[in-house]
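Now for the letters of each chain:
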Amino acid sequence: MIPFEERRAQRSENRDLALGFQLAHVRDRARLEALVLADDDGLALSAAGDPPLLRGAEVAVRIVHVHGQPLYLASVGGGVARDALLAHSLGGVRRILACN
């Protein structure tokens, strides 16, 4: 039998911590300056990096719907893999929030 290997270095049952871990992981892998998950009112639900960097910088935004509500994943910076990693991150955000 092949032993199970956990692919995530950090995990938590706490929704806020899990979101923070997810965003920090993607921020590091995509070499982003900042990554913020916000609700429809612009309230930051979770962030990795320096959220003030989002002001006045080029921002890439992806929308994810959780329980029928739109959430926005905003990022600053990143290399060529940014788009793929942001798309992957949306799945993680959806999974974390759908469980809570």
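The structure this text deals with has already been given above.
Summary of the structure given here. (Residues numbered from 1 in each chain as written. Predicted model: local features only at pLDDT ≥ 70, side-chain atom pairs only at ≥ 80, totals over all residues. Heavy atoms only, no water.)

1. A few points about the pairing of strand β1 (residues 32-38)
- Burial analysis of β1 places 6 of its 7 residues in the buried class, the great majority of the element.
- Where β1 lies against strand β4 (residues 69-77), 6 bridges are found, and the strand directions are antiparallel. Paired with Val36 across the two strands is Ala74, which belongs to β4. (Buried < 20%, exposed > 50% of the residue type's maximum accessible area, 1.4 Å probe, protein only. Helix = DSSP H or I, 4+ residues; strand = E, 2+ residues; numbered from the N terminus. Pairing = 2+ DSSP bridges.)

2. Concerning the nonpolar core
- Core analysis: the largest hydrophobic core is formed by 19 residues, its most contacted members being Leu23, Leu35, Leu37, Leu73, Val93 and Leu97.
- It is helix α2 (residues 82-98) that provides the largest number of residues to this core, a total of 6 residues.
- With residues up to four places along the chain from it excluded, the contact list for Val93 reads Leu19, Gln22, Leu23, Leu37 and Val64. (Core = buried A, V, L, I, M, F, W, Y, C linked by side-chain atoms within 4.5 Å. Contact = heavy atoms within 4.5 Å.)

3. Brief notes about α2
- Its 17 residues place the ends of α2 24 Å apart at the C-alpha level, agreeing with the 24 Å of an ideal helix rising 1.5 Å per residue.
- Those residues of α2 lying buried are Arg82, Leu85, Leu86, Ser89, Leu90, Gly92, Val93, Ile96 and Leu97.
- Contacts made by the buried residues of α2 are with α1 (15-30), β1, β3 (59-66) and β4. (Expected span 1.5 Å × (residues − 1).)

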